[in-house]
Number of protein chains: 2
Amino acid sequence: MPREVKSRIAILISGRGSNMLALADAVREGSVPQMEIAIVISDQPNAAGLAHAQSQNLPTAVVERRGRSRDEHDRELVTVLQEHQVDFVCLAGYMRLLSSHFLSAYRNRILNIHPSLLPAFPGLDAQRQALEHGAKFTGCTVHFVDQTLDGGPIIAQRIVPVRDDDTEETLSARILDEEHTLYAEALAIVNGGAYEIVGRRVVLK
Amino acid sequence: MPREVKSRIAILISGRGSNMLALADAVREGSVPQMEIAIVISDQPNAAGLAHAQSQNLPTAVVERRGRSRDEHDRELVTVLQEHQVDFVCLAGYMRLLSSHFLSAYRNRILNIHPSLLPAFPGLDAQRQALEHGAKFTGCTVHFVDQTLDGGPIIAQRIVPVRDDDTEETLSARILDEEHTLYAEALAIVNGGAYEIVGRRVVLK
């Protein structure tokens, strides 16, 4: 009988890691079949998400950024990922561009989630950007990470309507609800392998 | 008994004017209450939309662009609009930036329709842009026209999913279906007057 081998996910955080916790929930509940969380890594030693991860018995590590170049930091990160036999890397509130070393070590296996319908509203404060722009719809996006900011091929998106009485807080909360299931959906696509990247389109096979 | 006074719309076209025809249908069917089409104006004497408009007994005019500055052309356009007592101007495939004279003569009364969820994919070939970018959703937008390209305050938007097997043609056709009712919806909002522009948000009162 073949042994079931699960794909191993690393989650990279810098802050409270709300998407990390949602992903952990989804894995535990079986919404991300054939995957397990290998490790949660923060570049900030004081990230609130580290304690949350530990309280759920998830392995954690800190790979500090302070005082080092991006390349040095990312090389150590790749070493830690390899030690933990990681297959996929999920960024969850990890707001850094990645070095080419990191990108090529995990080509098409690094995912990010962004709280807008990319390519609209990349970068910081995407929810506020959508609100101030007067968009009637926004949403969230999971995409492959490349050398650009929030610019890699899009795996999955969800729509969230903007209401006239929305504040940044109410809109962010409704987007977060969708984010929580979108990451699991995107990981299932990527782990299943039944897709191809045509130009920059992610097309299911 | 008060006489019913309808708001008068001018539709500006440069080509076949498919949105002009859809708007004419919507007006005839009563989907745009209290409005009537005063005139269809083309800047291209050979625009196919002119014949279509005439076949529907809509008044038409040509205000040729050829050989004149934008300002000269737009001044004649404003004169024609005023002669026809136009209240609202709808751009329908009219791919020109407007002069400040035109914009200030019809401040917040010029509308444009664009086949994407702005601010994503402004400019030409918006449907192809969405497809090539690998967006999972696109749509259409009706917005007030200002001095920017497809950048004015957004009145209404509709979502259209992008399918893996879409071509530019199939996607454009599905967006066009939505465009046909969106323009009427946006005009009803603007004509009703029960909205305000806060920053660049169009908010219903």
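No experiment lies behind these values; they were computed from the predicted model shown.

Engineer: Help me understand the relation of the copies chain A and chain B in this model?
Structural biologist: Two chain copies here: they are related by a rotation about an axis and a translation along the same axis. Superposition of chain A onto chain B requires a rotation of 180° combined with a translation of 0.0 Å along the rotation axis, giving an RMSD of 0.0 Å. Put plainly, the chains are arranged around a two-fold axis. Residue alanine 120 of chain A of chain A places its C-alpha closer to the rotation axis than any other residue of that unit, at 2.5 Å. Mapped onto chain B, 100% of the interface residues of chain A again fall at the interface, so both copies present the same surface.

Engineer: Can you walk me through the state of the cysteines in this structure?
Structural biologist: Among covalent bonds in proteins, the disulfide is the one between the sulfur atoms of two cysteines. Overall, the coordinates contain zero disulfides over all chains when judged by the stated rule. Free of any disulfide, cysteine 140 of chain A has its nearest cysteine sulfur in cysteine 90 of chain A, 14 Å distant.

Engineer: What exactly am I supposed to notice about the interface of chain A and chain B here?
Structural biologist: By a widely used convention, the size of an interface equals the accessible area lost when the partners come together. Contacts between the two partners involve 26 residues from chain A, matched on the other side by 26 residues from chain B. Between chain A and chain B, a total of about 2200 Å² is buried, with carbon and sulfur atoms accounting for 56% of that surface. Looking at the side of chain A facing chain B, the largest losses of area belong to His133, Lys136 and Arg201 of chain A, adding up to 28% of the total buried there. At the boundary of chain A and chain B, one finds 14 residue pairs in polar contact (both at pLDDT 80 or more). Contributions of two or more residues to the side of chain A that touches chain B are made by helix 5 (126-133), strand 7 (154-161) and strand 9 (201-204) of chain A. Here the side of chain A that touches chain B gets six residues from one element, more than from any other, and that element is strand 7 of chain A. Tallied by class, residues from the side of chain A that touches chain B come to 15 nonpolar, three polar and eight charged.

Engineer: I would appreciate a short explanation of the domain arrangement of chain A in the present structure.
Structural biologist: All names here are of chain A. Assigned domains of chain A: these are domain 1 (1-107) and domain 2 (113-205). A straight line from the C-alpha centre of domain 1 to that of domain 2 covers 20 Å. Listed by partner, the interface residues are 19 residues for domain 1 and 16 residues for domain 2. Joining domain 1 to domain 2, the criterion identifies zero salt bridges. Between the two partners, domain 1 and domain 2, sit four residue pairs in polar contact (both at pLDDT 80 or more). Elements represented by at least two residues in the side of domain 1 that touches domain 2 include exactly strand 1 (7-13), helix 1 (18-28) and strand 4 (88-92). Grouping the amino acids of the side of domain 1 that touches domain 2 by side-chain chemistry returns 14 nonpolar, five polar and no charged.

Engineer: In this structure, what is going on with the pairing of strand 9 of chain A? I would like to understand it.
Structural biologist: Each regular strand displays side chains that alternate between the two surfaces of the sheet. Residue and element names in this part refer to chain A. With four bridges connecting them, strand 8 (residues 195-198) and strand 9 associate as antiparallel partners. Looking at strand 9, one finds that isoleucine 197 is bridged to valine 202. Taking the residues between adjacent antiparallel strands as the criterion, strand 8 and strand 9 are bridged by two residues, where glycine 199 takes a positive phi near 60°.

Engineer: Looking at this model, I keep getting lost on the pattern of salt bridges. Mind explaining?
Structural biologist: Pairing of side chains with opposite charge becomes possible as their charged atoms draw close. Overall, the coordinates contain 24 salt bridges over all chains when judged by the stated rule. Put simply, glutamate 36 of chain B and arginine 8 of chain B hold a salt bridge, and the shortest N to O gap is 3.3 Å. One end of the pair, glutamate 36 of chain B, is in strand 2 (residues 35-42); the other, arginine 8 of chain B, is in strand 1 (residues 7-13), and 28 residues separate them in sequence. For arginine 28 of chain B, the salt bridge identified is with aspartate 25 of chain B, shortest N-O distance 2.4 Å. Placement of both arginine 28 of chain B and aspartate 25 of chain B in helix 1 (residues 18-28) is noted, with a separation of three residues, approximately one turn of the helix. Taken together, the shared-partner salt bridges connect Asp43, Arg65 and Arg96 of chain A into one network.

Engineer: Where do I start with helix 1 of chain B in this structure?
Structural biologist: Quick reminder: α-helices carry 3.6 residues per turn. Residues three or four places apart thus point the same way. Most of helix 1 of chain B sits out of view: nine of its 11 residues are buried. All buried positions along helix 1 of chain B are accounted for by Ser18, Asn19, Met20, Leu21, Ala22, Leu23, Ala24, Ala26 and Val27 of chain B.

Engineer: Sorry if this is basic, but what is going on with the packing of helix 1 of chain B against helix 6 (residues 168-192) of chain B here?
Structural biologist: Helix-helix packing is described using two parameters, namely the angle between the two axes and the distance between the axes. All names here are of chain B. At a minimum axis separation of 9 Å, helix 1 and helix 6 run at an interaxial angle of 55°. Taken together, the axes of helix 1 and helix 6 are oblique relative to one another. Judged by the sense of rotation from one axis to the other, the crossing of helix 1 with helix 6 is right-handed. Counted together, Ser18, Asn19, Ala22, Leu23 and Ala26 of helix 1 and Leu176, Glu179, His180, Tyr183, Ala184 and Leu187 of helix 6 form the full contact between these two elements. Class assignment for the residues of the contact of helix 1 with helix 6 results in seven nonpolar, three polar and one charged.

Engineer: Please clarify how the environment of phenylalanine 88 of chain A should be interpreted in this entry.
Structural biologist: Examined against the element boundaries, phenylalanine 88 of chain A turns out to sit in strand 4. Each C-alpha atom, one on phenylalanine 88 of chain A and one on proline 119 of chain A, is 23 Å from the other, the two residues being 31 residues apart in sequence.

Engineer: Is there a simple way to think about the packing of aromatic side chains in this case?
Structural biologist: Each pair of aromatic rings is reported with the distance of its centres and the angle of its planes. All names here are of chain A. Counting across every chain of the model gives four aromatic pairs over all chains. Ring centres of phenylalanine 102 and tyrosine 106 lie 6.2 Å apart, and the angle between their planes is 85°; on these two criteria the pair is classed as edge-to-face. Of the residues examined, tyrosine 106 reaches a relative accessible area of 3% and is grouped as buried.

Engineer: How do you make sense of empty space enclosed by the protein when you look at a structure like this?
Structural biologist: Vacant regions in the atomic arrangement are exposed by a probe of water-molecule size rolled over the atoms. What the rule picks out here adds up to four cavities of 30 Å³ or more. What the largest cavity holds in volume is close to 140 Å³. Along its surface, the largest cavity is lined by 18 residues, and Leu117, Ala120 and Phe137 of chain A together with Leu117 and Ala120 of chain B are the ones closest to its centre. Residue assignment for the lining of the largest cavity shows that the elements contributing at least two residues are strand 6 (137-144) of chain A together with strand 6 (137-144) of chain B. Residue classes in the lining of the largest cavity are distributed as 14 nonpolar, four polar and no charged. Its boundaries defined by the atoms lining it, the second largest cavity holds a volume of some 110 Å³. The wall of the second largest cavity is formed by 13 residues, among which Leu91, Arg96, Asn112, Leu149 and Asp150 of chain B lie closest to the centre.

Thresholds, definitions, all that
Residues numbered from 1 in each chain as written. Chains lettered and ligands numbered in written order. Predicted model: local features only at pLDDT ≥ 70, side-chain atom pairs only at ≥ 80, totals over all residues. Heavy atoms only, no water. Least-squares fit on C-alpha atoms with pLDDT ≥ 70 in both. Contact = heavy atoms within 4.5 Å. Disulfide = S-S within 2.5 Å. Buried area = accessible area lost by both parts, 1.4 Å probe. Polar contact = N/O pair within 3.5 Å; in protein donor to acceptor, adjacent residues only side chain to side chain. Helix = DSSP H or I, 4+ residues; strand = E, 2+ residues; numbered from the N terminus. Nonpolar A, V, L, I, M, F, W, Y, C, P; charged D, E, K, R; others polar. Domains from an automatic or database assignment. Salt bridge = Lys/Arg side-chain N within 4 Å of Asp/Glu carboxyl O. Pairing = 2+ DSSP bridges. Buried < 20%, exposed > 50% of the residue type's maximum accessible area, 1.4 Å probe, protein only. Axes fitted to C-alpha atoms, helices over the stretch in contact; angles between N-to-C directions. Parallel < 35°, antiparallel > 145°, perpendicular 65-115°, else oblique. Left-handed = near helix turned anticlockwise from the far one by under 90°. Phe/Tyr/Trp six-rings, centres within 6.5 Å; stacked < 30°, edge-to-face > 60°. 1 Å grid on protein atoms, 1.4 Å probe; cavity = no way out; pocket = protein on both sides within 12 Å on 5 of 7 lines; lining within 4 Å. Points joined across faces, edges and corners; volume = space filled by probe spheres on them.

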